[in-house]
Amino acid sequence: MLYGITAATAALLLTAALAALLRSFSLRFGVVDGTGFPARRAKPRAPGRARPVPLLGGVAVVGGTALVGWAGDWTGAAPLGPEAGRLLVAAIVVALLGLAADLLPVPPVVCVAGVVAAAALTVPYDELGVPAGALAVAWIVFVTQAFRSLDHADGVMGTVAVITAFALSGCAAAEVMDGLAALLSVLAAALTGFLMHGWPPARIAPGRCGSLFAGFVLAAAVVQVHAERPAGPGFGAGFALTAVASADAVLVLVSRRRAGRPLLRPAPDHLVHRLRRAGLTRQGVMVVTGLAAFAGASVGLLIDLGWLGAGAAWWPAGAVAVVAVAGAVRPGPRPRRSPPHAIPAPGGPVPRSLDRPGRPRPAAPGAVKVH
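Okay, so let's go over this structure. (Residues numbered from 1 in each chain as written. Predicted model: local features only at pLDDT ≥ 70, side-chain atom pairs only at ≥ 80, totals over all residues. Heavy atoms only, no water.)

**Thoughts on a negative patch on the surface**
Defined as follows: Each patch is built from salt-bridge-free residues with over 30% relative accessible area, joining like charges within 9 Å and nonpolar side chains (Val, Leu, Ile, Met, Phe, Trp, Tyr) within 5 Å. Values of accessible area rely on a 1.4 Å probe in the Shrake-Rupley scheme; residue burial ignores everything except the protein chains shown. Salt-bridge detection follows one rule: a side-chain nitrogen of Lys or Arg within 4 Å of a carboxyl oxygen of Asp or Glu. Think of it this way: Lys and Arg go in the positive column, Asp and Glu in the negative one, and His and the chain ends go nowhere. A charged residue contributes its charge at one atom only: NZ of Lys, CZ of Arg, CG of Asp or CD of Glu. The numbering of helices and of strands both runs from the N terminus, where a helix is a DSSP run of H or I of at least 4 residues and a strand a run of E of at least 2. Here the term buried applies to any residue with accessible area under 20% of the maximum for its type, exposed to any over 50%, and partly exposed to those in between, with areas from a 1.4 Å probe on protein chains only.
There is a patch of like negative charges on the surface, built from Glu83, Asp126, Glu127 and Glu228. Mapped onto the secondary structure, Glu228 falls in the loop between helix H9 (207–225) and helix H10 (231–241). You can call Glu228 exposed: its relative accessible area is 66%.

Quick look at the structure:
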């Protein structure tokens, strides 16, 4: 008990300090959400953020979680065990891949392939078997990418991940998986320390590094905790624990599919964007998503503790279905049309905007605009 309090406090303070240092580093070298690195090429900013935000906050979360977790394992105060240790190593590999995507133009398919490989190394095939293990790998990839998609507004991903990690640590403790419970508690404390800088307006963002790391740890931990449980309660509890991230991912898939937009192209059609268009402030969005995550995580925890039956998972499942239907009815904003270009009249000067990149000049008299 004493070590748990000490470890949580250390992870919180260490992550908060690292985030402050990495924020200065990000601003010094231009590693912000909205520019590339190191060539500083134009890079699309997250649609939910109106200004560039320093990245590398995920490095602080990974560093705080890994250092405190390994310190407990090395001292013997809280051994992680082989399964939790392997999960942490795989999550760090995923985080490094996300960091590379934050700094360089890494194709999204490469990140997905890395998550697939990491998930395949952490699934307990002895308890699940090969067919169910393959489904578990697919589910881990889906939930990891769902948490990645939550990082489109300040503090939302961190808030949902903190609540999920706390509830899931209770599930692991109920299953007498002490090493995994300690790792999840440390992750929750590290994310809390990060939120000291990530509360809107955020001073630093987790980026792909932090969101992929948190999503992978939580998704893989759900599989490990429920591997030996019956299929009904295990699936119901796992789904309830990740209901908010799943709802956002389903909403985006349905909305973009119906509107005919590419699935991997960023657009302001996520759950947080719709809540903002409904009139909520950035802090209000965090409160609403946090309450929804708390409700889903509570249902999952109560199912694991045996206080609720597996049928209770239909409540968060129904909420996800409602969100998906809402996305089908209102698919979100369509891509904006390109601005009209001026075509000069015969014999007139060629505008610079049509000749080469640069600041456009006024069109020549007699120019005709086409749409």
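**Describing the environment of Ala247**
Inspection of the secondary structure puts Ala247 in helix H11 (residues 243–259). Residue class for Ala247 comes out buried when judged on its relative accessible area of 7%. Taking the C-alpha atoms as reference, Ala247 lies 7.9 Å from Ala321; in sequence the two are 74 residues apart.

**Re the side chain of Ser149**
Basically, it comes down to this: We define a polar contact as two N or O atoms separated by no more than 3.5 Å, with the added condition that, inside protein, one atom must be a possible hydrogen donor and the other a possible acceptor, whereas residues neighbouring each other in sequence contribute only through side-chain atom pairs. The criterion used for residue contact is that any of the two residues' heavy atoms lie within 4.5 Å.
Structurally, the position occupied by Ser149 is in helix H6 (residues 130–150). Within the structure, Ser149 has its side chain in polar contact with the backbone oxygen of Ala146 (distance 2.7 Å). Polar contacts involving the side chain of Ser149 include one to the side chain of Asp248, which spans 2.8 Å. With residues near it in sequence (within four places) discarded, Ser149 still touches Asp248 and His270.

**Examining the environment of Ala118**
Counting through the fold element by element, Ala118 comes out in helix H4 (residues 108–122). Along the sequence, Ala118 and Ala90 sit 28 residues apart, while their C-alpha atoms lie 5.4 Å from each other. Apart from the residues lying within four places of it in its own chain, the contact partners of Ala118 are Ala90, Val94 and Phe216.

**Some points on the packing of H6 against H9**
The axes of two packed helices give the description: the angle between them and the distance between them. Note the threshold: What counts as an axis is a line fitted to C-alpha atoms, over the stretch in contact for a helix, and the angles between N-to-C directions run from 0 to 180 degrees. The crossing is said to be left-handed when, going from far helix to near helix, the turn is anticlockwise and less than a right angle, and right-handed when the turn is clockwise. Note on residue classes: Ala, Val, Leu, Ile, Met, Phe, Trp, Tyr, Cys and Pro are nonpolar, Asp, Glu, Lys and Arg are charged, and everything else, Gly too, is polar.
Running from amino to carboxyl end, H6 crosses H9 at an angle of 145 degrees, the nearest separation of the two axes being 8 Å. For the pair H6 and H9, the crossing hand works out as right-handed. Contact residues: Ala136, Trp139, Ile140, Val143, Thr144, Gln145, Phe147 and Arg148 in H6; Arg208, Ser211, Leu212, Gly215, Phe216, Leu218, Ala219, Ala220, Val222 and Val223 in H9. Looking at the contact of H6 with H9, its residues break down into 12 nonpolar, 4 polar and 2 charged.

**Here's the deal with the packing of aromatic side chains**
Let me state the cut-off plainly: Between the rings of Phe, Tyr and Trp (Trp by its six-membered ring), a pair exists once the centres lie within 6.5 Å; its type follows the angle of the planes, with under 30 degrees stacked, over 60 edge-to-face, and the other angles tilted. Charge-over-ring contacts are defined here by two conditions on Lys NZ or Arg CZ: a distance within 6 Å of the ring centre and an angle within 35 degrees of the ring normal.
Under the counting rule described, the total for this entry stands at 2 aromatic pairs. Between Phe235 and Phe239 the ring centres are 6.5 Å apart and the planes differ by 20 degrees, which places this aromatic pair in the stacked class. Of this pair, Phe235 and Phe239 both sit in helix H10, 4 residues apart, which is roughly one turn of the helix. The exposed category is assigned to Phe235, whose relative accessible area is 57%. In this structure, Arg28 packs its charged tip against the face of Phe29, placed 5.3 Å from the ring centre.

**Comments concerning a nonpolar patch on the surface**
A grouping of Trp70, Val89 and Val93 is seen on the molecular surface, where their side chains present a nonpolar patch of about 280 Å² in accessible area. Along the polypeptide, Trp70 turns up in helix H2 (residues 57–75).

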